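Understanding the architecture of this molecule
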Amino acid sequence: MQRPLFFLLLLSSMSAAAQRSLDVQGHRGCRGLMPENTIPAMRKAQDLGVTTLEMDIAISQDKQPLLSHDPFLNADFVYRPDGSAIPKAEEKSYRIYNMPYREVRRYDVGSHGNPKFPRQQKLKTYKPLLAEVIDSAEAYARRKHLALPRYNIETKVSPEGDNLFHPAPEEFVQLLMPVLVAKKVLDRVTIQSFDPRTLEVVHRLYPAVQTALLVENIKGLEYNLKRLTFKPSIYSPAYKLVTPDLVQSCHQQGVKVIPWTVNSAAEINKLIEQQVDGVITDYPDLLSAK
């Protein structure tokens, strides 16, 4: 059976991109294939050959950085320890910042799957600590003779969430970064955020660490770069905002472009042709097609 044309084009573009060291990032590990922000998702992404493990950080009541995109237990796919569902209307009362980690860990985030991702494998798993994820990924890479991964870590903060869903930016960074220092992975870390405040703290305290400004507004490159007092390592827009002019303007300023979240082979191919420096995808298997 003849392979669809877009896959042939994708593989051709990937060959050219490999020469530019395209950074393939598994979004929340590989959300389309495994429960998001879990150790199984990160290992699957490693098996698929990603360069970077992308993940989100929340902070528990006892001040421990753990993987979670939502600052609460999302009723779409998180189930109580007794196996019962969390009512959608009540999910925001399950604030992670109001729960000790030992309690957060008891909730099942994978057995029922995520209805938005029908290919996602269903398995019982939990929200892990960041330290545990790094230990697992490093050990897995060595055991499987894989390249050690990079880590793209999003600080999930917003002004309206300060001291309600998470610590204020200064404290958030002070809780997050010592884990990365202790694990000796700072040279393979990018800290990303939609909120410039944590990026400012990271840049002040750890100027050698890469930063990425996440963008979903349509106000343009110049406006968004002015939201920071320094130039980020990476400009990370929603993929539909990428144009050849945007990529060229970023590259002229020494800033890489890594868009999110790209989930079709056709769109990945288009972005590679536009000379982006990487892609963030829920489906890393699109880039490991043979």
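Refer to the structure above for everything that follows.
Only a predicted model underlies this, so the values are computations on that prediction, with no experimental measurement involved.

The rules we used
Residues numbered from 1 in each chain as written. Predicted model: local features only at pLDDT ≥ 70, side-chain atom pairs only at ≥ 80, totals over all residues. Heavy atoms only, no water. Phe/Tyr/Trp six-rings, centres within 6.5 Å; stacked < 30°, edge-to-face > 60°. Helix = DSSP H or I, 4+ residues; strand = E, 2+ residues; numbered from the N terminus. Buried < 20%, exposed > 50% of the residue type's maximum accessible area, 1.4 Å probe, protein only. Lys NZ or Arg CZ within 6 Å of the ring centre and 35° of its normal. Polar contact = N/O pair within 3.5 Å; in protein donor to acceptor, adjacent residues only side chain to side chain. Contact = heavy atoms within 4.5 Å. Core = buried A, V, L, I, M, F, W, Y, C linked by side-chain atoms within 4.5 Å.

**Quick notes on the packing of aromatic side chains**
Counted by the stated rule, this structure contains 2 aromatic pairs. On the numbers, 6.1 Å between centres and 75 degrees between planes, the contact of Y94 with Y107 is edge-to-face. Taken together, the positions of Y94 in the loop between β3 (65-67) and α3 (101-104) and Y107 in the loop between α3 and α4 (130-144) put the pair 13 residues apart, joining distant regions of the chain. With respect to burial, Y94 and Y107 carry one shared label: buried. Here the aromatic rings of F194 and W260 are separated by 5.6 Å at their centres, their planes lie at 90 degrees, and the arrangement is edge-to-face. Linking F194 in the loop between β5 (189-193) and α6 (196-205) with W260 in the loop between β8 (256-257) and α9 (265-273), this pair joins segments that are 66 residues apart in sequence. For the cation-ring pair, R105 lies above Y126, with the distance from its terminal atom to the ring centre recorded as 3.9 Å.

**Notes on unusual backbone geometry**
Trans peptide bonds make up the majority, and among non-glycine residues the majority have a negative phi. A positive phi angle, close to 60 degrees, is found at H145, a residue other than glycine. For H145, the location among the structural elements is in the loop between α4 and β4 (150-155).

**Describing the side chain of Q25**
Along the chain, Q25 turns up in strand β1 (residues 23-26). Reaching out from Q25, the side chain makes a polar contact with the side chain of N152 at a distance of 2.8 Å. Beyond its immediate stretch of four places on either side in the chain, Q25 contacts T52, E54, N152, I258, V279, I280 and T281.

**Observations concerning the nonpolar core**
Ranked by size, the top nonpolar core spans 62 residues in total, and within it L130, I153, L180 and I191 carry the most contacts. With 7 residues, helix α5 (residues 169-182) is the largest single contributor of residues to this core. Setting aside residues no more than four positions away along its own chain, I191 makes contact with I153, T155, L176, M177, L180, L199, V202, V209, Q210, T211 and A212. The next biggest cluster of nonpolar side chains, apart from the first, holds 15 residues, and it includes A58, L66, A75 and Y94.

**Remarks on the side chain of N74**
Among the structural elements, N74 can be located in the loop between β3 and α3. There is a polar contact of 2.8 Å between the side chain of N74 and the backbone nitrogen of D76. For N74, the contacting residues outside a window of four places in its chain are K88 and E91.

These results come straight from atomic positions and should not be treated as a statement about function.
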